[in-house]
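Each chain, letter by letter, is given below.
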Amino acid sequence: ASCGVIGGVRSSIGPSIRGWLTDNWGWQWNFYLNLLLGPALLGAIWHGFPRTPARWAKLREADGWGILFMALGLGALTTFLEEGTRNDWFGSAYITRLAALAAVALPLFIAWQLRAKQPVTDLRLFAARNFSLGSAINVVLGGAMYGSIFLLPLYLGTIQGYGASDIGATLIWGGIPQLL
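What counts, and at which threshold
Residues numbered from 1 in each chain as written. Predicted model: local features only at pLDDT ≥ 70, side-chain atom pairs only at ≥ 80, totals over all residues. Heavy atoms only, no water. Salt bridge = Lys/Arg side-chain N within 4 Å of Asp/Glu carboxyl O. Buried < 20%, exposed > 50% of the residue type's maximum accessible area, 1.4 Å probe, protein only. Core = buried A, V, L, I, M, F, W, Y, C linked by side-chain atoms within 4.5 Å. Helix = DSSP H or I, 4+ residues; strand = E, 2+ residues; numbered from the N terminus. Contact = heavy atoms within 4.5 Å. Phe/Tyr/Trp six-rings, centres within 6.5 Å; stacked < 30°, edge-to-face > 60°. Axes fitted to C-alpha atoms, helices over the stretch in contact; angles between N-to-C directions. Left-handed = near helix turned anticlockwise from the far one by under 90°. Nonpolar A, V, L, I, M, F, W, Y, C, P; charged D, E, K, R; others polar.

Trainee: Teacher, can you tell me more about the pattern of salt bridges here?
Mentor: Any two side chains of opposite charge can pair if their charged atoms end up close together. Summed over the entire model, instances satisfying the criterion amount to 3 salt bridges. In this structure, the salt-bridge partner of arginine 86 is glutamate 83, at a minimum N-O distance of 3.3 Å. For glutamate 83, a relative accessible area of 22% gives the class partly exposed. Between aspartate 122 and arginine 124 there is a salt bridge, with the nearest N and O atoms lying 3.6 Å from each other. Using a relative accessible area of 38% as the deciding quantity, one classes arginine 124 as partly exposed.

Below is the structure:
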């Protein structure tokens, strides 16, 4: 429950902080903020995790082909979707090659994961009805939640003409009830 609260509050308070930084210091400071918070987070992780010796032999059990197919397929698909509009979709040889790579690597990943003894992602879990139903509900709920978090700032900025700080100040009102 606490992770859900943190996620909801983060999605409404984060734009306020990012909007203020953008309007007052420039958009680059949204990334520089990580340089300030990153070392504190690493220190907390270093302090919080127990010291156990590394088990390097476990690397031999890793599903290297599965990781390779997944990285290639998801990387190509993500870049294809992000850069497609900027590069005229299939009018660009670069975008066409990315689409072909994703179309080959992702089915290879699925086939490999269904045959691997120790898959990096056990896709056989989707054979269980409750797992599949829960996953489908999670996708719909996540799409609705994050879709609204994405669309509302886009609407406020492009249609209503709000600045970054104004968008953040508007979105923070959705986080206050979540926090309470």
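Trainee: Hey, could you run me through the nonpolar core in this one?
Mentor: Most often, soluble globular proteins keep nonpolar side chains buried together rather than apart. Formed by Ala76, Phe80, Ile95, Leu98, Ala99 and Ala102, the largest nonpolar core amounts to 6 residues. Among the elements of the structure, helix H3 (64–83) and helix H4 (93–115) are those that each provide at least two residues to this core. When residues of this core are assigned to their parent elements, the largest contribution, 4 residues, is made by H4. What isoleucine 95 contacts, discounting residues up to four positions off in sequence, is Phe80, Glu83, Gly84, Asn87 and Trp89.

Trainee: Sorry, what's going on with the packing of aromatic side chains here?
Mentor: The geometry of an aromatic ring pair comes down to the distance between the two centres and the angle between the two planes. Under the counting rule described, the total for this entry stands at 7 aromatic pairs. Between the aromatic rings of tryptophan 29 and tyrosine 32, the centroid separation amounts to 5.1 Å while the plane-to-plane angle is 85 degrees, which identifies the pairing as edge-to-face. Taken together, the positions of tryptophan 29 and tyrosine 32, both in helix H2 (residues 29–48) and 3 residues apart, correspond to about one turn of that helix. Aromatic pair tryptophan 65 and phenylalanine 69: ring centres 5.8 Å apart, planes at 35 degrees, arrangement tilted.

Trainee: Where do I start with the packing of H3 against H4 in this structure?
Mentor: When two helices pack together, their arrangement is given by the angle between their axes and by how far apart the axes lie. At a minimum axis distance of 7 Å, the contact between H3 and H4 shows a crossing angle of 145 degrees. Crossing geometry of H3 relative to H4 is assigned as left-handed. Taken together, the residues of H4 that come into contact with H3 (itself represented by Trp65, Gly66, Phe69, Met70, Leu72, Gly73, Leu74, Ala76, Leu77, Thr79, Phe80 and Glu83) are Tyr94, Ile95, Leu98, Ala99, Leu101, Ala102, Ala105, Leu106, Leu108, Phe109, Trp112 and Gln113. For the contact of H3 with H4, a count of residues per class yields 19 nonpolar, 4 polar and 1 charged.

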